[in-house]
Amino acid sequence: SFVPREAAVPVSLPDADEVSEYTGLRVRVPKRGVLKDLVSMANDNARAMMQAYIPKYQKEQEENLKALEDLAGALDLPALPLRVECYDISNTSGKEAVASMVCLVDGKPDKSSYRRFRMKTDGKPDDYAMMQEVLTRRIKHEEWEFPQLLIVDGGKGQVTSALKALEAAGVVIPLV
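Residues numbered from 1 in each chain as written. Predicted model: local features only at pLDDT ≥ 70, side-chain atom pairs only at ≥ 80, totals over all residues. Heavy atoms only, no water.

Re the side chain of Ser-161
Now for step 1: The topology assignment puts Ser-161 in helix α4 (residues 156-169).
Now for step 2: Given the relative accessible area of 5%, Ser-161 is considered buried. (Helix = DSSP H or I, 4+ residues; strand = E, 2+ residues; numbered from the N terminus. Buried < 20%, exposed > 50% of the residue type's maximum accessible area, 1.4 Å probe, protein only.)

What follows is the structure, given as structure tokens:
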């Protein structure tokens with residue numbers, strides 16, 4: 001990657017010498033001239049971008065909170081579902097079965113928490129057994145934060161299978 005030889009910054013850095021030693025980058029705090037003007041312009045641009053972004057960010061946060069409140073109300077949940085996990089089973093002609101876990105945190109996708117589970121269930125495809133398997137395996141990952149809501153793709157059979165996995169583990173999580 002490209003590392004410039006010199007960087008102009010608006011304030012002195014306490015560890016500028018260490019930065020210079022590690023990167024070979026000369027860190028300068030210009031007091032006058034063209035570099036001072038460039039640093040000032042960069043600060044102005046950053047300030048303008050933040051002033052444009054903050055209202056949009058706040059509006060998005062408010063909309064997400066409203067959506068979570070509406071969801072909690074519609075499903076009669078005891079708390080806002082700040083973490084939601086969604087599960088789906090898929091296979092190709094009964095082979096290569098996988099389960100996917102998609103996660104939403106504060107109403108937004110958290111792609112770093114997405115997971116794919118290869119199904120270990122042998123024999124013909126059985127969506128119900130696979131749903132039970134994936135949730136049983138997921139619950140064993142206690143290092144992952146538990147959700148306030150589980151959503152499974154399917155019908156009554158998938159929901160029943162998911163409930164069996166939760167009950168077997170002694171875990172209570174709202175499920176739809």
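Observations concerning a negative patch on the surface
Now for step 1: Residues Asp-15, Asp-17, Glu-18 and Glu-21 make up a contiguous surface patch of negative charge.
Now for step 2: For Asp-15, the position within the fold is in the loop between β1 (6-8) and α1 (16-23). (Patch = residues over 30% accessible without salt bridge, like charges linked within 9 Å, V, L, I, M, F, W, Y side chains within 5 Å. Areas by Shrake-Rupley, 256 points an atom, 1.4 Å probe, with all protein chains shown as cover. Salt bridge = Lys/Arg side-chain N within 4 Å of Asp/Glu carboxyl O. Lys, Arg positive; Asp, Glu negative; His and termini not counted. Charge placed at Lys NZ, Arg CZ, Asp CG, Glu CD.)

Some thoughts on the confidence of the model for the protein
Now for step 1: Residues of the protein with pLDDT of at least 70 account for 98%, and the chain-wide mean is 92.
Now for step 2: Per-element averaging of pLDDT across the protein places α1 at the bottom with 87 and strand β7 (residues 149-152) at the top with 97. (pLDDT = per-residue confidence, 0-100.)

So, the packing of helix α3 (residues 127-139) against α4
Now for step 1: For the pair α3 and α4, interaxial distance at closest approach is 8 Å and the crossing angle is 35 degrees. Every pair of crossing elements has a handedness; the one defined by α3 and α4 is right-handed. Contacts between α3 and α4 involve Asp-127, Tyr-128, Met-131, Gln-132, Leu-135, Thr-136 and Ile-139 from the former and Gly-157, Gln-158, Ser-161, Ala-162, Lys-164, Ala-165, Leu-166 and Ala-169 from the latter.
Now for step 2: Partitioning the contact of α3 with α4 into residue classes produces 8 nonpolar, 5 polar and 2 charged. (Axes fitted to C-alpha atoms, helices over the stretch in contact; angles between N-to-C directions. Left-handed = near helix turned anticlockwise from the far one by under 90°. Contact = heavy atoms within 4.5 Å. Nonpolar A, V, L, I, M, F, W, Y, C, P; charged D, E, K, R; others polar.)

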